[in-house]
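The primary structure of each chain is shown beneath.
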Amino acid sequence: TGCRVCLTRNMSSSPPRLQGCMSAWIIDQYGSNGVLKYTEETTVPTISSATEVMIKVHAVSLNPLDVAMRGGYGAKLLKLRRDPLSVMDNDTEFPLILGRDLSGVVVDCGSGVTHFALGDEVWAAVPPWKQGSLAEYVTLTEYEVSHKPKVLSHIEAASIPYVANTSLSALVNGGGLCRDSSSNKRVLITGGSGGVGTFAIQLLKAWGAHVTVTCSQNAVGLVRGLGADEVLDYTAGDVVEQLEMMEKFDVVFDGVGGDTEEWAMGLLKPWSGAKYVTLVTPLLLNTDSMGLLDGTLNAGFSLQSKAIQNLLSSGVFYRWGFYAPDGPALDEVSKLVDAGKILPVVEAQFSFTQVPQAFQKLEKGHARGKTVVRVA
Ligand code: NDP
């Protein structure tokens, strides 16, 4: 191979840029775990605009989205987002690098970067339409990046950005909650023991909310330890009856989907601005199966009809929550982590050679926090 990362000055670019090849896990077709391939021949993602930073990746965590994207989930919509005008020479998304979270060190900065310098320790959640973090280097705009909490190792830090950006986007934009408006608000989190749940419990407790969580019996100790006020074992069978006997909620934050909305809407305070926000939405599945236009229209119609129906019948808002890239939001999380209010929950660690095993672990489900891969 012989082709590695080096500093190169070409006539058109000054200062010198890192160029060459790097190690990465790529896929060049969608499928099961067998499509994951290790290579040392991936081109380093050189800085191409003034506001970009290039990061040497030290650790990555995996999300259910990585397993889904490996199988082609969201391919149509993400392809449109990558190349809205279909101008790219290469008509394919392959080779595709998966991995959304990273913790690492800045190794190169565009000329307009103001918040970061070489050597800064950073963390970020890479948007799904960009090349992912299961690689030696990633290039992002500085708006997508944040200084990593000082008290965390790279392994610990990598467990947080994607679930943090998702929780913040969904709870703030969908749930109408924030640091100053959450005091004593009653929030129900379904799926409290996974990546999103273990983060959201701690964020909401840091904001002063009252947090009720559903999880399996063997995760009760974990979520209580993270600060949940009330914990209900959903495998016990009578979880809905137990929830119905409790005081009603201001926000339901749903990370489980399925039939949850059928019983959880009725747990919200009627006619008081209460909100149901679910992360499990049909948008990408619809665009994959029906095409971009029909899929988006169908998802939009389903969202609107549920929203109108719930608003008219009980004055409750029905919303979908999504991950959104947001470095400044991670800055706020960084402060909460450094203040000891949010702890990383790393369930399993794998080396860079064990990425397929890390995917296998994730595919088994029953996450208790996050699965992290050490890269450097
Ligand atoms: P994880 O796989 O990390 O966690 C899911 C957790 O839910 C597990 O701990 C699982 O444990 C638990 N669980 C499963 N069934 C139930 C149930 N019926 N009631 C309560 N808990 C249950 O996933 P994430 O936390 O990362 O994500 C949660 C969901 O949100 C996923 O579907 C994900 O795809 C989605 N998501 C959507 C985003 C968006 O932009 N819309 C962004 C991020 C996530 P056990 O099975 O042992 O109970």
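Structural data are supplied above this passage.
Being a predicted model, the structure only gives us computed values, none of them experimental.

Colleague: Teacher, can you tell me more about the site of the ligand here?
Modeller: Residues in contact with the ligand amount to 21 residues; listed here are only the nearest, Ser-193, Ser-216, Tyr-234, His-366 and Ala-367. Gly-195 is positioned such that a nitrogen or oxygen atom in its backbone is 2.9 Å from an oxygen atom of the ligand. The separation between an oxygen atom of the ligand and a polar main-chain atom of Ala-367 is 2.6 Å. Across the complex, the protein chains shield 77% of the 930 Å² of accessible surface that the ligand would expose by itself. At the level of secondary structure, the elements contributing two or more residues to the shell around the ligand comprise helix H4 (161-174) and helix H5 (195-206).

Colleague: Help me understand the sheet that holds strand E16 (residues 317-320) in this model?
Modeller: Pairing between the strands of a sheet is mediated by backbone hydrogen bonds and can be parallel or antiparallel. Strand order in the open sheet formed by 6 strands is E13-E12-E11-E14-E15-E16, with parallel pairing between adjacent strands. Whereas interior strands pair on both sides, the edge strands pair on one side only; in this sheet they are strand E13 (230-233) and E16. Going across the sheet, the axis of each strand differs from the next one's by a mean of 15°, ignoring polarity. Across 5 bridges, strand E11 (residues 186-190) lies against strand E12 (residues 210-215) in parallel orientation.

Colleague: Honestly, unusual backbone geometry in this entry has me stumped. Any pointers?
Modeller: A negative phi angle is the norm for most residues apart from glycine, just as the trans form is the norm for most peptide bonds. Omega for the peptide link from Phe-94 to Pro-95 comes to -5°, which places this bond in the cis form. Position of Pro-95 relative to the elements: it lies in the loop between helix H2 (75-82) and strand E6 (96-97). Phi at Trp-271 takes a positive value of approximately 50°, unusual for a residue other than glycine. By the secondary structure assignment, Trp-271 is in the loop between helix H8 (260-264) and strand E15 (275-278). Owing to a relative accessible area of 59%, Trp-271 belongs among the exposed residues under this scheme. The phi dihedral of His-366 is positive, around 55°, even though this residue is not glycine. With respect to the secondary-structure elements, His-366 resides in the loop between helix H12 (355-363) and strand E18 (370-374). His-366 gets classed as exposed once you look at its relative accessible area, which sits at 61%.

Here is what the cut-offs are and how they apply
Residues numbered from 1 in each chain as written. Predicted model: local features only at pLDDT ≥ 70, side-chain atom pairs only at ≥ 80, totals over all residues. Heavy atoms only, no water. Near = heavy atom within 4 Å. Polar contact = N/O pair within 3.5 Å; in protein donor to acceptor, adjacent residues only side chain to side chain. Areas by Shrake-Rupley, 256 points an atom, 1.4 Å probe, with all protein chains shown as cover. Helix = DSSP H or I, 4+ residues; strand = E, 2+ residues; numbered from the N terminus. Pairing = 2+ DSSP bridges. Axes fitted to C-alpha atoms, helices over the stretch in contact; angles between N-to-C directions. Buried < 20%, exposed > 50% of the residue type's maximum accessible area, 1.4 Å probe, protein only.

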